[in-house]
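Summary of the model geometry
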Amino acid sequence: MGGLKVIETGEAVADPSGNTRALLKDVMREDGPALRRFILSRIRDASEAEDVLQDLYLRLIQNSHAVRQAESRRAYLVSMARNLIHDRHRHAMVRDRALAEIGVQLLGRYEPPLQEHVLQAREGREAVNRAMDRLRPKHREIYVLSRMGGVRNSDIASRLGISLRSVERHVSEISVYMRETLATCI
């Protein structure tokens, strides 16, 4: 079975040479892990990151000629990934805006949360605060910057004067600690 070939209309058609299939295999093998890490560094949800990666591969099939002509294939693919992430973000903003408008329309139907839910939320917040208080100051700062501030690990490393690998290790350890601590508290 042949690969796909993109014609000027942007439609994918059968390509008897299989060049696109070979390109896709090369990209998945050589660039796939780096692309996955890049996407995961911007989207913290692994399943959504996989969706973006699949969308990227689809775009690669549709635009294989442009990928082949790029000076740096990896730079071009990273640019494609960045654009896909921005597109998803813009779509999410539009969706959230629409949901907010629906919420305003339904405002007359608003029912306050049950007292039980309010108490559970307070207990959860207090558990997070207690867990954060037990962290060492440096870990607390890394966790706040990473998880609450959305600061990239490389920026945290620069800001704190430590290696990127150290930041990644600290974030991983802190995340495990917070998950385990909160699982027993909540």
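What comes next concerns the included structure.

When helices and strands are counted, the protein chain shows eight helices and two strands. Starting at the N terminus and walking to the C terminus, you meet the elements of the protein chain as β-β-α-α-α-α-α-α-α-α. Restricting to contacts in the protein chain with at least 6 residues of sequence separation, those with at least 24 account for 56%. Carbon and sulfur atoms make up 53% of the accessible area of the protein chain, which amounts to about 12700 Å² in all.

Right, let's talk about the packing of helix H1 (residues 19-42) against helix H2 (residues 46-62) for a bit. Between H1 and H2, the least distance of the axes is 10 Å, while the angle of their chain directions is 150°. By the angle between their axes, H1 is roughly antiparallel relative to H2. Two packed elements cross with a definite hand, and for H1 against H2 that hand is right-handed. Seen from H1, the contacting residues are Thr20, Leu23, Leu24, Val27, Met28, Gly32, Leu35, Arg36, Ile39 and Leu40; seen from H2, they are Ala46, Ala49, Glu50, Val52, Leu53, Leu56, Tyr57, Leu60 and Ile61. Grouping the constituent residues of the contact of H1 with H2 by class yields 15 nonpolar, two polar and two charged.

Counted according to the given criterion, the structure contains 12 salt bridges. Salt-bridge contacts for Arg29 lead to Asp26; the nearest nitrogen and oxygen are separated by 2.8 Å. Of the two residues, Arg29 and Asp26 are both situated in helix H1; the distance of three residues between them amounts to about one turn of the helix. Residue classification places Arg29 among the exposed residues on the basis of a relative accessible area of 54%. A salt bridge links Arg165 to Glu168; its shortest N-O distance comes to 3.9 Å. A residue pair is termed a helical-turn pair when its members lie 3 or 4 positions apart in one helix, as Arg165 and Glu168 do in helix H8 (residues 164-185) at three residues. Its relative accessible area of 33% is what places Glu168 among the partly exposed residues. Residues joined in a network through salt bridges with shared partners are Asp26, Arg29, Glu30, Asp31, Arg73 and Arg74.

Before going further, it helps to examine the environment of Leu84. Among the structural elements, Leu84 can be located in helix H4 (residues 73-105). Considered as a pair, Leu84 and Asp55 are 29 residues apart in the sequence and their alpha carbons are 7.7 Å apart. In this structure, Leu84 is in contact with Val52, Asp55, Leu56 and Arg59, ignoring residues within four places of it in sequence.

This next bit is on the packing of helix H6 (residues 137-148) against helix H7 (residues 153-160). At a closest axis distance of 10 Å, the pairing of H6 and H7 adopts a crossing angle of 145°. The crossing of H6 and H7 is right-handed. Facing H6, whose interface residues are Glu141, Ile142, Leu145 and Ser146, H7 presents Asn153, Ile156, Arg159 and Leu160.

The rules we used
- For every chain, the first residue of the written sequence is number 1, and numbering continues from 1 along that sequence.
- Side-chain atom pairs in this predicted model are given and counted only at pLDDT of 80 or more, local residue features only at pLDDT of at least 70, and totals for whole chains, interfaces and linings cover all residues.
- As a rule here, side-chain values come from all non-hydrogen atoms in the structure, and water together with hydrogens is ignored.
- Labels follow the DSSP assignment, with helices taken as runs of H or I lasting at least four residues and strands as runs of E lasting at least two, numbered in each case from the N terminus.
- By definition, residues are in contact when any of their heavy atoms lie within 4.5 Å.
- Calculation of accessible area relied on Shrake-Rupley with a 1.4 Å probe; when residues are assessed, cover is drawn exclusively from the protein chains displayed.
- Comment: axis = line fitted to C-alpha atoms, over the contacting stretch for helices; angle = value between 0 and 180 degrees taken between N-to-C directions.
- We call two directions roughly parallel when the angle between them is under 35 degrees, roughly antiparallel when it is over 145, roughly perpendicular when it lies between 65 and 115, and oblique otherwise.
- Each crossing gets its handedness from the near helix: less than a right angle anticlockwise from the far helix is left-handed, clockwise is right-handed.
- Here the term charged refers only to Asp, Glu, Lys and Arg, the term nonpolar to Ala, Val, Leu, Ile, Met, Phe, Trp, Tyr, Cys and Pro, and the term polar to all other amino acids, Gly among them.
- What makes a salt bridge here is a side-chain nitrogen of Lys or Arg within 4 Å of a carboxyl oxygen of Asp or Glu, nothing more.
- Think of it in three bands: with a 1.4 Å probe and only protein chains considered, a residue is buried below 20% of the maximum accessible area for its type, exposed above 50%, and partly exposed in between.

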